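So the chains spell out like this:
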Amino acid sequence: MKNPLEKAQWIGCPVCPADTAPVFRRTFCWTKAPEQRATLYISGLGFYTLRCNGRPVDDALLNPAFSRYDQTVYYNEISLEACLRNGENTLEVTLGNGWYFQQQEDAWQFEHAIWKASPRMICALYDGNECVLTSDRNWQTAPGGTVFNSLRCGETCDARVQPSAWKDAAVAAPPGGVLKRQEIEPIRLRRVLEPVGTVPTSQPVIYDFGINLAGNVEICVEGPRGAKVTILYSELVTPNGFLARERHQEHVHFPRFQQDEYILAGEGQETWHSQFGYNGFRYAMVRAPKECRIIRVRARQFHTDLQDAGGIDTPDESVSRIQAAIRQSSLTNFHHMPTDCPHREKNGWTGDAWLSSRQMLFNFDMRRAYGKWLDDVVDCQRISGQIPCIVPTSAWGYAWGSGVTWDVALLAIPWEMYWFYGDEGILRRYARPIQKYMRFLQTTLDDGIPAFGLGDWAAPPETDLMPDAALRACMAVYAGRLTEKIGGVLADEALAQLGRAVKEECSAAFRRKYGGMAGKSRCQLYYALRLLLGLAEDEKTELRELIASVEAAQGHVMGGIFTARFVPEALAQFGREDLAWRMASAKGYPGWDDLSRKCAGTLGENWFGGSSMNHHMFSSIGAWSYWGLAGMRILSPGFKAVLIKPWIPENLPRFAAWHNTPMGRLSFGWDQDSVMLEVPQNMKAFVQMDGKKQMVAPGKHAFQRKEFLVSDS
């Protein structure tokens, strides 16, 4: 069906206050028949909830997916057979503001979004292939009991308010974007957590859920009609027992932030949670009048329902904790897009997304999720080819924060996806936007160096930091190399030549302006990128300098998010897996073990664990467990051929990793004596041990651990 909504109209509520959620309803007759298909196609902006005959129809949350609404609007396809009954039925839709109608000012100017308008909806119900009901003026609408809702500021529900004084819906202007079926997995409730304790304080009770998460709190409460319960969220408490919220609220220019409120109907036990947003938190303060009784408080974690594509198992407490923190940070920062944090911003920063993409692809099935977000990037691309640093966006992120270091997401993520899934269509889908971007990048070169862009973000202050311009030049070389390779795969010589031209110009400029740093600097990232990008004058000398810079830091990561991604990669690629393992497992600051201890089950925005304690931008080390320790090196796109070249540290007695490739499940692991390998059918696999490479057939294989080179140099 090309456009199942072509007969429907967008409708809105003409009498609803700006922050109140409008309710729409339609009563109709239905005759059930055997094997009958009842399908509802619906979009409600910003977010909608749907009930049929008084009951929710599915478990999806915060639909439809956020997009650049003036370019793309997603609709959902929902089966209603189980909900409908013979005779009279009622559909009820409630709309929240979401990203579409943000009223409160923030640093990213979503209150001035080009698409901003009051909530509206469109839907069509089909009996088989016949459209039998659409959204139009025959629907009734009224303000609902959610009297305030804001994505970042929270929600107020007045349970005393029931929709009344129903009026005819008004035909509304379309949001402007092309209607597309939503393919990305829905946001779903993934777990419910009981408090692990409370914070000693004379203030209202602060519940501790033990881990940083994204979602909301559900309360069960009993009290008089009109009493108000307030829930405040934070990931941190002060030593004297207060929620520490200032550093997360600083970019939201509104007095209220991550605050839910429930006004009781006074009808016995009442259970409630918010519907149109989510919060980042570990702690929740619940404040209620003395005459109220709080019966139960639970945390609800929900996010895009990404399916596992891989996993690791080891008794090593540090490796397990780091992996768990990487997964928790990644999942709780995915709500239809890869965000930087679930509290302060909720923005899809392109740099964070591409630097963590390899571990995401090892850990989760990202085909639909990344496909949707890359389409968002294209929707936000200007005619000139420029892309912003946060996606989706309406206005902010083009003048500050954009630049090749972050923009390379448009190239790197499709390239990684191609290698993981073996689908040339992914590259073909984004070839023209990549070409536009690379032409734009050429216009920003100042004597071969990109004129703007961010540097190695969140590096320790004592770091011998790579100059921002030098990193920009390297990332332009990286972008050129990727473009050249993509052009080669697609047999697109013009695209390949464009990439080659950028690569050569920026390589020459980097050598000319920054080649003199060699031997003088102790910047780990500088030597790693020179090796990986073919910029080194002499690889052996550069490798010695890289090794010296890592050893001078006693194996610690002395740099920001680019250092965290590229230094272990360079060490492993150039034969020093032992030193890469030393960095990955280093104890103390700065390092992943230390960071994972500081942030209550997640990773932080910097090595101190400060600013935000739930970021995924340092999560790139998560890929090391698969391609470094387990040695899963992809030789042919889609894992058609692999090289198993593991690093088996003497101080890691047991380890196992698995990944669901397009060929099937690939697994590798060891214990104190043996090494186990399972190769799926149709995969060509080689194993490197004792310095030699040998081919192995599909199936299960066992080796002696001593057959592999085992040494912690």
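It should be noted that the structure appears before, not after, this text.
Computed from a prediction, not measured in an experiment: that's the story for all the values here. (Residues numbered from 1 in each chain as written. Predicted model: local features only at pLDDT ≥ 70, side-chain atom pairs only at ≥ 80, totals over all residues. Heavy atoms only, no water.)

1. Examining the packing of aromatic side chains
Scanning all chains against the criterion turns up 41 aromatic pairs. A ring pair is formed by Trp 349 and Trp 400, whose centres lie 6.3 Å apart and whose planes are at 85°; its orientation type is edge-to-face. Of this pair, Trp 349 sits in the loop between α2 (317-331) and α3 (350-355) while Trp 400 sits in the loop between α5 (367-380) and α6 (404-407); the two residues are 51 residues apart in sequence, bridging distant segments of the chain. With relative accessibility at 10%, the residue Trp 349 sits in the buried group. On the basis of an interplanar angle of 25° and a centroid distance of 5.1 Å, the ring pair of Tyr 589 and Phe 608 is categorised as stacked. Of this pair, Tyr 589 sits in the loop between α14 (577-584) and α15 (592-598) while Phe 608 sits in the loop between α15 and α16 (624-629); the two residues are 19 residues apart in sequence, bridging distant segments of the chain. (Phe/Tyr/Trp six-rings, centres within 6.5 Å; stacked < 30°, edge-to-face > 60°. Helix = DSSP H or I, 4+ residues; strand = E, 2+ residues; numbered from the N terminus. Buried < 20%, exposed > 50% of the residue type's maximum accessible area, 1.4 Å probe, protein only.)

2. Examining the environment of Gly 555
If you trace the backbone, Gly 555 turns up in the loop between α12 (539-552) and α13 (561-573). Distance from Gly 555 to Ser 79, taken between C-alpha atoms, is 55 Å for residues 476 residues apart in sequence. With sequence-adjacent residues up to four places away left out, Gly 555 is seen in contact with Val 550, Arg 582, Met 583 and Ala 586. (Contact = heavy atoms within 4.5 Å.)

3. Some remarks on the environment of Lys 520
Along the polypeptide, Lys 520 turns up in the loop between α10 (493-514) and α11 (524-532). Under the relative-accessibility criterion, Lys 520 is labelled exposed at 71%. C-alpha separation for the pair Lys 520 and Glu 545, spaced 25 residues apart in sequence, amounts to 9.3 Å.

4. Considerations on the pattern of salt bridges
Inspection of the entire model under this criterion finds 45 salt bridges. Ionic pairing is found between Arg 576 and Asp 578, a salt bridge with its closest N-O pair at 2.8 Å. Within the structure, one salt-bridge network assembled from shared partners comprises Asp 59, Arg 188, Arg 190 and Asp 305. (Salt bridge = Lys/Arg side-chain N within 4 Å of Asp/Glu carboxyl O.)

5. Re the side chain of Thr 134
Position of Thr 134 among the secondary structure elements: in strand β9 (residues 130-134). Relative accessible area serves as the criterion here: at 14%, Thr 134 is assigned to the buried category. Not counting residues up to four positions away in its chain, the partners in contact with Thr 134 are Lys 7, Ala 8, Arg 26, Cys 123, Ala 124 and Trp 139.

6. Re the sheet that holds strand β27 (residues 632-636)
Ordered by their spatial adjacency, four strands build an open sheet running β27-β28-β32-β33, and the pairing between neighbours is mixed. Whereas interior strands pair on both sides, the edge strands pair on one side only; in this sheet they are β27 and β33 (692-696). On average, adjacent strands in this sheet sit at an angle of 25° to one another, irrespective of strand direction. Both β27 and strand β28 (residues 641-644) contribute to a ladder of four bridges, which runs antiparallel. (Pairing = 2+ DSSP bridges. Axes fitted to C-alpha atoms, helices over the stretch in contact; angles between N-to-C directions.)

7. Remarks on α14
For α14, the buried fraction is high: seven of the eight residues fall into the buried class. Along α14, the positions that sit buried rather than exposed are Glu 577, Asp 578, Leu 579, Ala 580, Trp 581, Met 583 and Ala 584.

8. Some thoughts on the sheet that holds strand β34 (residues 699-704)
Ordered by their spatial adjacency, five strands build an open sheet running β24-β29-β30-β31-β34, and the pairing between neighbours is antiparallel. This sheet does not close on itself; its edge strands, each paired only once, are β24 (310-313) and β34. Between one strand and the next, the sheet's axes are offset by a mean angle of 10°, whatever the strand orientation. Two elements, strand β29 (residues 655-661) and strand β30 (residues 664-670), share seven bridges in a ladder whose sense is antiparallel. Paired with Ala 657 across the bridge in β30 is Phe 668.

9. What to know about unusual backbone geometry
Residue Leu 45 is joined to Gly 46 through a cis peptide bond whose omega torsion reads 0°. One can find Gly 46 in the loop between β3 (38-45) and β4 (47-52). Cis geometry is adopted by the peptide bond preceding Pro 392, which originates at Val 391 and carries an omega value of -5°. Examined against the element boundaries, Pro 392 turns out to sit in the loop between α5 and α6. Of note, the phi angle at Asp 447 is positive, near 55°, even though the residue is not glycine. Looking at where Asp 447 falls in the secondary structure, it is placed in the loop between β25 (445-446) and β26 (449-450). Since its relative accessible area comes to 48%, Asp 447 is described here as partly exposed. Phi at Ala 600 is positive, roughly 55°, even though this residue is not glycine.

10. Points about the environment of Asp 376
Here Asp 376 shows up in helix α5. Residue classification places Asp 376 among the buried positions, given a relative accessible area of 0%. The spatial distance from the C-alpha of Asp 376 to the C-alpha of Thr 72 is 8.3 Å, given a sequence separation of 304 residues. Discounting chain neighbours no more than four positions away, the residues touching Asp 376 are Phe 66, Ser 67, Tyr 74, Val 391 and Pro 392. Polar contacts involving the side chain of Asp 376 include one to the side chain of Lys 372, which spans 2.5 Å. (Polar contact = N/O pair within 3.5 Å; in protein donor to acceptor, adjacent residues only side chain to side chain.)

11. Looking at the packing of helix α8 (residues 424-443) against helix α9 (residues 468-489)
Running from amino to carboxyl end, α8 crosses α9 at an angle of 135°, the nearest separation of the two axes being 10 Å. It follows that α8 is oblique to α9 by the angle criterion. The interaxial crossing formed by α8 with α9 has left-handed handedness. The segment α8 lies against α9, with Glu 424, Leu 427, Ile 434, Met 438 and Leu 441 engaging Ala 476, Ala 479, Gly 480, Thr 483, Ile 486 and Val 489. Tallied by class, residues from the contact of α8 with α9 come to eight nonpolar, two polar and one charged. (Parallel < 35°, antiparallel > 145°, perpendicular 65-115°, else oblique. Left-handed = near helix turned anticlockwise from the far one by under 90°. Nonpolar A, V, L, I, M, F, W, Y, C, P; charged D, E, K, R; others polar.)

These figures capture arrangement, not role.
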